[in-house]
Amino acid sequence: VQLQASGGGLVQPGGSLRLSCAASGGTFSSYSVGWFRQAPGKEREFVAAIRRSGGHTYYADSVKGRFTISRDSAKNTVYLQMNSLKPEDTAVYYCAADRGVILSEIRNKDGYGYWGQGTQVTVSS
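Described below are features of the structure shown in this document. Computed from a predicted model, the values in this text were never measured in an experiment.

Calculation rules
- Residues numbered from 1 in each chain as written.
- Predicted model: local features only at pLDDT ≥ 70, side-chain atom pairs only at ≥ 80, totals over all residues.
- Heavy atoms only, no water.
- Salt bridge = Lys/Arg side-chain N within 4 Å of Asp/Glu carboxyl O.
- Helix = DSSP H or I, 4+ residues; strand = E, 2+ residues; numbered from the N terminus.
- Pairing = 2+ DSSP bridges.
- Axes fitted to C-alpha atoms, helices over the stretch in contact; angles between N-to-C directions.
- Disulfide = S-S within 2.5 Å.

## Remarks on the pattern of salt bridges
Applying the stated criterion to the full structure yields four salt bridges. For Arg37, the salt bridge goes to Asp89, with nearest N and O atoms at 2.9 Å. Within this pair, whereas Arg37 is found in strand S4 (residues 32-38), its partner Asp89 is found in the loop between strand S8 (77-82) and strand S9 (91-98), the two being separated by 52 residues in sequence. The network of salt bridges with common partners includes Arg37, Glu45, Arg66 and Asp89.

## A look at the sheet that holds S8
The strand order across the open sheet built from four strands is S1-S3-S8-S7, with neighbouring strands paired in antiparallel fashion. A single partner strand is all that each edge strand has here, and the edge strands are strand S1 (2-6) and strand S7 (67-72). The average angle at which neighbouring strand axes cross in this sheet is 15°, direction not considered. In this sheet, S8 lies alongside S7 in antiparallel orientation, the contact comprising six bridges. By the bridge assignment for S8, Thr68 is matched with Gln81.

## Topic: the state of the cysteines
Counted by the stated rule, this structure contains one disulfide. With its sulfur 2.2 Å from that of its partner, Cys21 forms a disulfide with Cys95. Given an S-S torsion of about 70°, the disulfide between Cys21 and Cys95 has right-handed geometry. Here the residue Cys21 occupies a position in strand S3 (residues 17-24), and Cys95 occupies one in strand S9, the gap between them amounting to 74 residues.

## Quick word on unusual backbone geometry
Residues other than glycine seldom take positive phi values, yet Asn76 does so here, at roughly 55°. Note that Asn76 resides in the loop between S7 and S8. In this structure, Ser84 takes a positive phi of about 50° despite not being glycine. Position of Ser84 among the secondary structure elements: in the loop between S8 and S9.

As structure tokens, then:
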């Protein structure tokens, strides 16, 4: 499966953005999908994930209540709605997918075999 992340940009603190992760070459609904982000000089960190079966969602504590991950199976797309953005949310955001992610590894980037190219999110006034 090939992944294409989009929707990043420059937004003021308190603003919103919606990131999209569009898939081609596979049945996206059979993949668990995660969003990760990487700020300059920092390691790539987990943001949110949605499981392939049941659609259960998981969030990092730092974004819980502000970000929402969702899936549109008809469009083969997973979204990350980001509200109440803060300067510390500034990073390159990546989507990742895999069929074989187990629950205990849902937050681990090493559990995902397919990655998109990343989209820059900058939160600044």
